[in-house]
Amino acid sequence: MDRSRDRTAEPGIAFDVFDTHDRMSEAAADAIVDAAEGTQDLLWCVATGSTPTDTYELLAERPPTSTAPVRNARILKLDEWGGLAVEDPATCEQYLRRHVLGPLGVPEHHYVGFESDPDDPEAECQRIRQWLAEHGPIDLCLLGLGRNGHLGLNEPGPSLEPFSHVADLSAHSQQHRMLDEAERPPRYGLTLGLAEILQARQILLLVSGSRKQEALDRLVQPEVSTQFPASFLWMHPQVRCLCDHAAAPSSLSSH
Ligand code: GLP
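Read on for a plain summary of the structure. (Residues numbered from 1 in each chain as written. Predicted model: local features only at pLDDT ≥ 70, side-chain atom pairs only at ≥ 80, totals over all residues. Heavy atoms only, no water.)

Notes on the site of the ligand
So, point 1. Around the ligand, 14 residues are found, and the nearest of them are S50, T51, D79, H150 and K212.
So, point 2. Within the side chain of H176, one N or O atom sits 2.9 Å away from an oxygen atom of the ligand.
So, point 3. Side-chain polar atom of K212 to an oxygen atom of the ligand: 2.6 Å apart, as the coordinates give it.
So, point 4. When the ligand sits alone it has 390 Å² of accessible area, and the protein chains cover 96% of it.
So, point 5. Taken together, the residues of the shell around the ligand break down into 4 nonpolar, 8 polar and 2 charged. (Near = heavy atom within 4 Å. Polar contact = N/O pair within 3.5 Å; in protein donor to acceptor, adjacent residues only side chain to side chain. Areas by Shrake-Rupley, 256 points an atom, 1.4 Å probe, with all protein chains shown as cover. Nonpolar A, V, L, I, M, F, W, Y, C, P; charged D, E, K, R; others polar.)

Okay, here's the thing in structure tokens:
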């Protein structure tokens, strides 16, 4: 059954399948530019990982005139590996500096994110929670999908935390490919919570590659479970999921 929906008809997730990762990334870059247009100081929450890298690169290649609202956005880091030194190449911090902040020329004062190795991780989460309460909500939240259904580092479990928090990393997350180059393993995660993510005005979820097919197959079912955090996206009024053919289960048709 094709569970993709007409976004004007009902809340939930609208799925768009693209033939290739490149075409998905182009569409994602377009969607980000569209979302930014007309917003003076867009608050854009950004994921790391392999999925959005080409999208960021495409945005940076576009002429500054057509991407000015994106380049002028306030950038908020979605999550971070806790216990890694800030200069560790595996941190989300270094990823964002390499792929987003540098290439898009985002000024330092437009960027907010969890420190990777804070003295007091709980206080660091409280700092981000407070910042978001004062400066939010997020206008556009760009997410990737964990193979175990995590969003940010909101991991599957018997309950979920609504606000920014210190997360126990699942075995799955500890093997994330970003960590291949880590100087030491992370001890915990720092992440926005599901309520902060779901308060975003628009959510864009990118899913790419055959390794994600099982997770996407589950997400297509509109059943909400803390054991699959991404399913909470069904409760949001405006989520667009862009995926490539390799990730798409047969229940989703390409166009
Ligand atoms: C990690 C990151 C998330 C990312 C997810 C998917 O948990 N901390 O921000 O969205 O993995 O990563 P990938 O796109 O590499 O599959």
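Having put the structure on the table, let's press on.
Concerning the sheet that holds strand β9 (residues 202–207)
Each strand in a sheet pairs with its neighbour through backbone hydrogen bonds, running either in the same direction (parallel) or in the opposite one (antiparallel).
So, point 1. Spatial strand order, β1-β10-β9-β6-β2-β3-β5: 7 strands in an open sheet with parallel pairing. Single-partner strands in this sheet number two, and they are β1 (13–18) and β5 (111–112).
So, point 2. Pairing analysis gives 2 bridges linking strand β2 (residues 43–46) to strand β6 (residues 140–144), with the strands arranged parallel. Note that in β6 the partner of W44 across the bridge is L140. (Pairing = 2+ DSSP bridges. Helix = DSSP H or I, 4+ residues; strand = E, 2+ residues; numbered from the N terminus.)

Section: the packing of helix α2 (residues 53–61) against helix α4 (residues 92–104)
Angle between the axes and distance between the axes: these two values describe a pair of packed helices.
So, point 1. Relative orientation of the contacting elements α2 and α4 amounts to 20°, with a least axis distance of 9 Å. Here α2 lies roughly parallel to α4, going by the angle between them. Helix-helix and strand crossings are classified by hand; for α2 and α4 the assignment is left-handed. Together, T53, Y56, L59 and A60 of α2 and Y95, H99, V100, P103 and L104 of α4 make up the contact between the two elements.
So, point 2. When its residues are assigned to classes, the contact of α2 with α4 shows 7 nonpolar, 2 polar and no charged. (Axes fitted to C-alpha atoms, helices over the stretch in contact; angles between N-to-C directions. Parallel < 35°, antiparallel > 145°, perpendicular 65-115°, else oblique. Left-handed = near helix turned anticlockwise from the far one by under 90°. Contact = heavy atoms within 4.5 Å.)

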